[in-house]
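Below, each chain spelled out in residue letters.
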Amino acid sequence: MLLPPLQPDFAAEVTGTDLAQPLTPENLAALKEITARHGVIVFRDQKNLSYDGMRRFARLFGQTSDCASITNLDAQGNIRDRDDRDSRHARGDTVWHMDMLTLEAPHLMGFLKAKELPASGGETEFADVTQAWQRLPETLRDKITGLRAMHSLDAARRRAGLTDPADIANQYKPTSHPLVTIEPFSNRPALLFGAHTSHIEGMDTAESGQLLEQLLALATTGALVYKHRWRLNDLLVWNNRRVMHRVRPYDLVKERRFLWRMVVEGERPPAYLRKSA
Ligand SMILES: [Fe+2]
């Protein structure tokens, strides 16, 4: 059952659907439509859904890749030291970002299933970058249409307050993407930027920094943001071209947080180029 949108036209909650069971063609069509319309979908009570089942479900949307779990636990299931390499790496998730903008073809979708949760904190927030675009003043839309931005892991880590060895910073080479792209589920324009965005190409550093801050402030405010308060066995699906996301803090050294993760691969983001006049 689809519950009313958590925000207008954005983020929906589905209950009473066991994704471990085969979907009827009608249910599958309905779920795809909901996913296209809302960008973030919360499927509650998926306790029967195995990792393989999550992969089978994700494959309905495209080619999948398995990913490391999102967690503060080590391979033995113990809470990691807060300053070890993986913990530092995870701190980058606390800053507004879109996944893997450092790739030529960033992921199209993300899937997370909650296996262990902290008593408080650790929510995931999503911000709708298609509605953000629609709300921009026309002069600002015209100013940024056609611009391109560079993205690097180093930029994301600096924004998260981290300085790390070059072997992390240089894991991916900086990548260029259009600042405004076309979100493929709805073919609507969407902003494409986040923590990884180092600068806007061809713009001086101060102006580029100011513009990125202005866009971030406009995109992550009020009803453009959905804050997901996790429950055990939630499966959360998001469209990585439709939303930015970030994790809220929790007690990393006392609480346990463990979420299975999977992605659907994406294409190279096309540029949206139409100006208003
Ligand atoms: Fe992420």
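All of these numbers come straight from a predicted model, not from anything done at the bench. Along each chain, residue indices are assigned from 1 in the same order as the chain's sequence is written. Given that the model is predicted, a residue must reach a pLDDT of at least 70 before its local features are reported, and side-chain atom pairs must reach 80 or more before they are shown or counted; all residues, however, enter totals for whole chains, interfaces and linings.

**With respect to the overall build of the chain**
- Segments assigned H or I by DSSP are reported as helices when at least four residues long, segments assigned E as strands when at least two residues long, and all are numbered from the N terminus. Check the secondary structure of the chain and you find eight helices and 15 strands.
- Relative to a compact globule of 277 residues, whose C-alpha radius of gyration would be 19 Å, the chain shows 18 Å and is just as compact.
- With respect to the principal axes defined by its C-alpha atoms, the chain has extents near 50 × 45 × 30 Å.
- The exposure label follows from counting other C-beta atoms within 10 Å of a residue's C-beta, where the C-beta atoms are placed from the backbone and the thresholds are 20 or more for buried and 12 or fewer for exposed, leaving partly exposed in between. Counting across all 277 residues of the chain, residues that qualify as buried make up 39%.
- We call two residues in contact whenever the C-beta atoms placed from their backbones are within 7 Å. Pairs at least 24 apart in sequence give 84% of the contacts found in the chain among residues at least 6 apart. C-alpha atoms define the radius of gyration, and 2.2 Å times the number of residues to the power 0.38 defines the globule rule.

**Let's talk about the sheet that holds strand β8 (residues 175-178)**
- Paired strands, in this sense, are two strands between which DSSP finds at least two bridges. Strand order in the open sheet formed by three strands is β8-β7-β11, and the pairing between neighbours is antiparallel. Only two strands of the sheet have a single partner each, and these edge strands are β8 and β11 (197-200). On average, each strand axis in the sheet is inclined to that of its neighbour by 30°, with strand direction left out of account.
- Pairing between strand β7 (residues 148-151) and β8: four bridges, direction antiparallel. Lines are fitted to the C-alpha atoms to define the axes, a helix being fitted only along its stretch in contact, and any angle between axes, read from their N-to-C directions, falls within 0 to 180 degrees.

**What about helix α8 (residues 205-219)?**
- A helix is expected to reach a length of 1.5 Å times the quantity of its residues less one. In this model α8 runs 21 Å from its N-terminal to its C-terminal C-alpha over 15 residues, within 8% of the 21 Å that 1.5 Å per residue would give.
- Of the residues making up α8, those classed as buried are Leu211, Leu212, Leu215, Leu216 and Ala219. End-on view of α8: buried residues confined to an arc of 135°, all on one side of the axis. Exposed positions of α8 whose direction lies more than 90 degrees from the buried face are Ala206, Glu207, Gln210, Glu213 and Ala217.
- Contacts made by the buried residues of α8 are with β6 (124-128), α4 (129-135), β10 (188-191), β11 and β14 (243-247). Relevant arc is that of directions from the helix axis to the C-beta atoms, nothing else.

**Considering the pairing of β10**
- Across four bridges, the pairing between strand β9 (residues 180-183) and β10 is antiparallel. If you follow Thr181 over to β10, its bridge partner there is Ala190.
- The hairpin formed by β9 and β10 contains four residues between the paired strands, and Asn187 there has a positive phi angle of roughly 60°.

**Considering the environment of Asp45**
- Among the secondary structure elements, Asp45 is positioned in the loop between β2 (40-43) and α2 (51-59).
- By C-beta crowding, Asp45 is classed as partly exposed, having 17 other C-beta atoms within 10 Å.
- As for Asp45 and Leu162, which are separated by 117 residues in sequence, their C-alpha atoms are 36 Å apart.
- Discounting chain neighbours no more than four positions away, the residues touching Asp45 are Thr15 and Asn233.

**Observations regarding the pairing of strand β15 (residues 258-264)**
- By the criterion of burial, β15 is predominantly enclosed, with five of the seven residues buried.
- Here strand β3 (residues 64-66) pairs with β15 via three bridges, running antiparallel. Bridging across to β15, Asp66 finds its partner in Met262.

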